[in-house]
Amino acid sequence: MLTAFSPKLKICCIGAGYVGGPSCAVIAYKCPDIQVTIVDINEQRIKEWNSDNLPVYEPGLDEIVFACRGKNLFFSSDVDFHINEADLIFVSVNTPTKKSGLGAGFASDLAYLESATRRIAKVATSSKIVIEKSTVPCKTAESMRAILDANSNDLIRFDILSNPEFLAEGTAINDLLHPDRVLIGSLTTPEGIRARSVLASVYEHWVPKEKIITANLWSSELSKLAANALLAQRISSINSLSAICEATGADVDEVAFACGLDSRIGPKFLKASVGFGGSCFQKDILNLVYLSESLNLPEVAAYWNQVVIMNEYQKERFTSRIIKSLFNTITNKNLAIFGFAFKKNTGDTRESAAITLIKYFLRENANVRIYDPKVPKEQIVRDLTDPEVASVEKFNQRVQMFDCPYEAAKGTDAIVIVTEWDEFKVLDYQKIYGEMNKPAFVFDGRSIVDYNVLKKIGFKVSVVGKAI
Ligand SMILES: NC(=O)C1=CN([C@@H]2O[C@H](COP(=O)(O)OP(=O)(O)OC[C@H]3O[C@@H](n4cnc5c(N)ncnc54)[C@H](O)[C@@H]3O)[C@@H](O)[C@H]2O)C=CC1
Ligand SMILES: O=C(O)[C@H]1O[C@H](OP(=O)(O)OP(=O)(O)OC[C@H]2O[C@@H](n3ccc(=O)[nH]c3=O)[C@H](O)[C@@H]2O)[C@H](O)[C@@H](O)[C@@H]1O
């Protein structure tokens, strides 16, 4: 445990992913007096973190990593050594939805978290504060405690904290530098409170004290699932209204604006879309559904499950609208797909709506020509050759990838805007129109382009949530 005579505080973060990398790089950046080492079993990922080409694209991340790396920020695959050296250990490993076994399709797979916890228990030779950074089901800290307690003794104690991460990809650095709140869950024992104050003192280097809030462990764990469920619920709510708008002539952007001005509702997270993506919303809601079912609360489970059902419906509905507009068949038609990432300003494709839409297009035997400014081509290949999406043969026959939106759109019947990249707002659509088959269509799944301008050029335009 740290005392006034302790040397430099040492932090180890287990998991060098989208959360562990940026969140601990910001700690290093803001706390030059702390030594931060981010470790991972994936040696390739660590190599990339130590290179000029970081494995995660996030605006502002390069500058922060390059400013601290080699000074008080290190990336290593020597997991055991850095666990043992650290005073504080963040566990920031992946917690995906289980693919098989009990709770398959809903529950979180906690195997990575358990394995990291067991590693800490095995190699630690001094006391540690272990911090759950991964998003986990309520009561996970109890299992971690059982594993760690079984390995503690009079000389070594483990304190467990919950410190969920609320950053969003694409704005991660800003979210970390200026968080709405930092949540720390702990036991209310004197030891728990002491551990919590050590972690709070790290954040106090840059986060105002009133934004660092505390809760009991279970509230903290549940708050993370709840926050994601509430955010996703707003998107499914506005997307459900987008269907009514398309059927009536109401405009979803006008409805969202009018509702968002009510200070009780607020304007954020009311942008209609092709459906939310990303590695967490669906996973965390399904986790909440599973938790509710296990607590014998079927009505609660059904309520949250509907958010995911509505999201799938939105993707299907958008696809049907495209097929209907293209004279009820897209077989052998060429579709340009603008955007493959699950949102702008990230190269992350996990659960991207683009994957589901393209799966539907390929089932109809359309040809797709994909452009995304940040997603590596190998990633697109991996995502689309997943057996649940398309066979390798179909992929080779029907999919092409491009480095430029103008090339992707050449000779196509329609452009489908899937990701809201800013560059799609300012393309030379006159030029694009000239090189497309006629009639040329634009399907704007993000409501980002000026449809009046496109219509004047000659395009036939459909926008999510508008009856144009
Ligand atoms: N991606 C996001 O924007 C957010 C994610 N979260 C949560 O944070 C957690 C991590 O998510 P991501 O960073 O996106 O996942 P990720 O998959 O990008 O990174 C996790 C890393 O942990 C490593 N790992 C797994 N087991 C390990 C072990 N035993 N020892 C060392 N390394 C190990 C993996 O190799 C991987 O590189 C998840 O629980 C997620 O729900 C929370 C907020 C935001
Ligand atoms: O736990 C997590 O992983 C994170 O999940 C989300 O962050 P993220 O998924 O990175 O990105 P969001 O900005 O929330 O967008 C998620 C999806 O919803 C879509 N979206 C978002 C907002 C909106 O109004 N409409 C809409 O369709 C986005 O395009 C994207 O596909 C939350 O916003 C973060 O607070 C949380 O920490």
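Along each chain, numbering runs from 1 in the same order as the chain's sequence is written. As they are written, the chains are lettered A onward and the ligands numbered 1 onward, keeping that order. Only residues with pLDDT of at least 70 get local features here, since the model is predicted, and only at 80 or more are side-chain atom pairs given and counted; chain-wide, interface and lining totals rely on the full set of residues. As a rule here, side-chain values cover all heavy atoms of the structure and leave hydrogens and water aside.

If you look the protein chain up in an unreviewed UniProt entry, it shows as UDP-glucose 6-dehydrogenase from Boothiomyces macroporosus. UniProt positions are given in the numbering used here, feature names are shortened, and annotations may be inferred rather than shown by experiment. Of the comments in the UniProt record for the protein chain, the one headed Sequence similarities (unreviewed entry) reads "Belongs to the UDP-glucose/GDP-mannose dehydrogenase family." Of the comments in the UniProt record for the protein chain, the one headed Pathway (unreviewed entry) reads "Nucleotide-sugar biosynthesis; UDP-alpha-D-glucuronate biosynthesis; UDP-alpha-D-glucuronate from UDP-alpha-D-glucose: step 1/1."

(A) Here's a closer look at a nonpolar patch on the surface. Here a patch means residues that are over 30% exposed by relative accessible area and free of salt bridges, tied together within 9 Å if like-charged and within 5 Å if nonpolar (Val, Leu, Ile, Met, Phe, Trp, Tyr). Calculation of accessible area relied on Shrake-Rupley with a 1.4 Å probe; when residues are assessed, cover is drawn exclusively from the protein chains displayed. For this analysis, a salt bridge means a side-chain nitrogen from Lys or Arg found within 4 Å of a carboxyl oxygen belonging to Asp or Glu. Together, Leu295, Leu297 and Val300 line one region of the surface with nonpolar side chains, adding up to about 250 Å² of accessible area. Helix numbers and strand numbers start at the N terminus; a helix is a DSSP run of H or I with at least 4 residues, a strand a run of E with at least 2. Looking at the element boundaries, Leu295 is found in the loop between α11 (281–294) and α12 (298–325).

(B) Looking closely at the site of ligand 2. It suffices for a single heavy atom of a residue to lie within 4 Å of a molecule or strand for the residue to be listed as near it. In the region of ligand 2, 21 residues are neighbours, and Leu167, Ser273, Cys280, Phe342 and Arg446 sit closest. Here a polar contact means two N or O atoms within 3.5 Å. Within protein one must be a hydrogen donor candidate and the other an acceptor candidate, and residues neighboring in sequence count only if both atoms are side-chain atoms. Contact distances for ligand 2 include 2.6 Å between an oxygen atom and a backbone N or O atom of Leu167. Protein contacts shield 90% of the accessible area of ligand 2, which totals 690 Å² for the unbound molecule. With four residues, the top contributor of residues to the shell around ligand 2 is helix α9 (residues 217–248).

(C) Region of interest: the packing of α9 against α11. All axes are obtained by fitting lines to C-alpha atoms, using only the stretch in contact for helices, and the reported angles, taken between N-to-C directions, cover 0 to 180 degrees. Look at α9 against α11: their axes get within 9 Å of each other, and the N-to-C directions meet at 115°. For the pair α9 and α11, the crossing hand works out as left-handed. Only Phe281, Asp284, Ile285, Asn287, Leu288 and Leu291 of α11 make contact with α9, whose side of the interface consists of Leu222, Lys224, Leu225, Asn228, Ala229, Leu231, Ala232 and Ile235. Tallied by class, residues from the contact of α9 with α11 come to 10 nonpolar, two polar and two charged. Less than a right angle of anticlockwise turn of the near helix away from the far helix marks a crossing as left-handed, whereas a clockwise turn marks it as right-handed. For this analysis, residues touch if any pair of their heavy atoms sits within 4.5 Å. Residues were grouped as follows: Ala, Val, Leu, Ile, Met, Phe, Trp, Tyr, Cys and Pro as nonpolar; Asp, Glu, Lys and Arg as charged; and all remaining residues, including Gly, as polar.

(D) Geometry of the site of ligand 1. Of all residues adjacent to ligand 1, which total 26 residues, the nearest are Asp40, Arg45, Thr95, Glu169 and Lys283. One of the backbone nitrogen or oxygen atoms of Ile41 is found 3.4 Å away from a nitrogen atom of ligand 1. Here an oxygen atom of ligand 1 sits 2.6 Å away from a polar atom, N or O, in the side chain of Lys283. The protein chains hide 92% of the 830 Å² of surface that ligand 1 would expose on its own. Considering every element that reaches the shell around ligand 1, the biggest residue donor is helix α5 (residues 111–123), with three residues. Across the shell around ligand 1, the residue classes tally to nine nonpolar, 10 polar and seven charged.

(E) Region of interest: the packing of α11 against α12. Remark: α11 packs on α12, axes separated minimally by 8 Å, with the N-to-C direction vectors making an angle of 155°. In terms of orientation, α11 lies roughly antiparallel with respect to α12. The element α11 and its partner α12 pack so that their crossing is left-handed. On the side of α11, the interface is formed by Gln282, Ile285, Leu286, Leu288, Val289, Ser292 and Glu293, while α12 contributes Val300, Ala301, Trp304, Asn305, Val307, Val308 and Glu312. Just so you know how the angles are binned, under 35 degrees is roughly parallel, over 145 roughly antiparallel, 65 to 115 roughly perpendicular, and the rest oblique.

(F) Looking closely at the pairing of strand β8 (residues 212–216). Relative to β8, strand β7 (residues 182–186) is paired through five bridges, and the arrangement is parallel. Residue pairing for β8: Ile184 is matched across the bridge by Thr214. A clockwise course of the path from the first strand over the helix to the second, judged with the strands pointing away from the viewer, identifies a crossover as right-handed. For the crossover from β7 across helix α8 (residues 190–203) to β8, the handedness is right-handed. Any two strands with at least two DSSP-identified bridges between them are counted as paired.

(G) Representation of unusual backbone geometry in the model. The amide bond that connects Lys438 to the next residue, Pro439, takes the cis arrangement and shows omega of 0°. Here Pro439 lies in the loop between α17 (429–434) and β13 (441–444). The backbone phi angle of Phe269 is positive, close to 60°, even though this residue is not glycine. Positionally, Phe269 belongs in the loop between α10 (252–260) and α11. Three exposure classes are used, based on accessible area relative to the maximum for each residue type with a 1.4 Å probe and protein chains only: buried under 20%, partly exposed in between, and exposed over 50%. The exposure class of Phe269 is partly exposed, given its relative accessible area of 38%. Not every positive phi belongs to a glycine, and Asn365 is a case in point at roughly 65°. Residue classification places Asn365 among the partly exposed residues on the basis of a relative accessible area of 27%.

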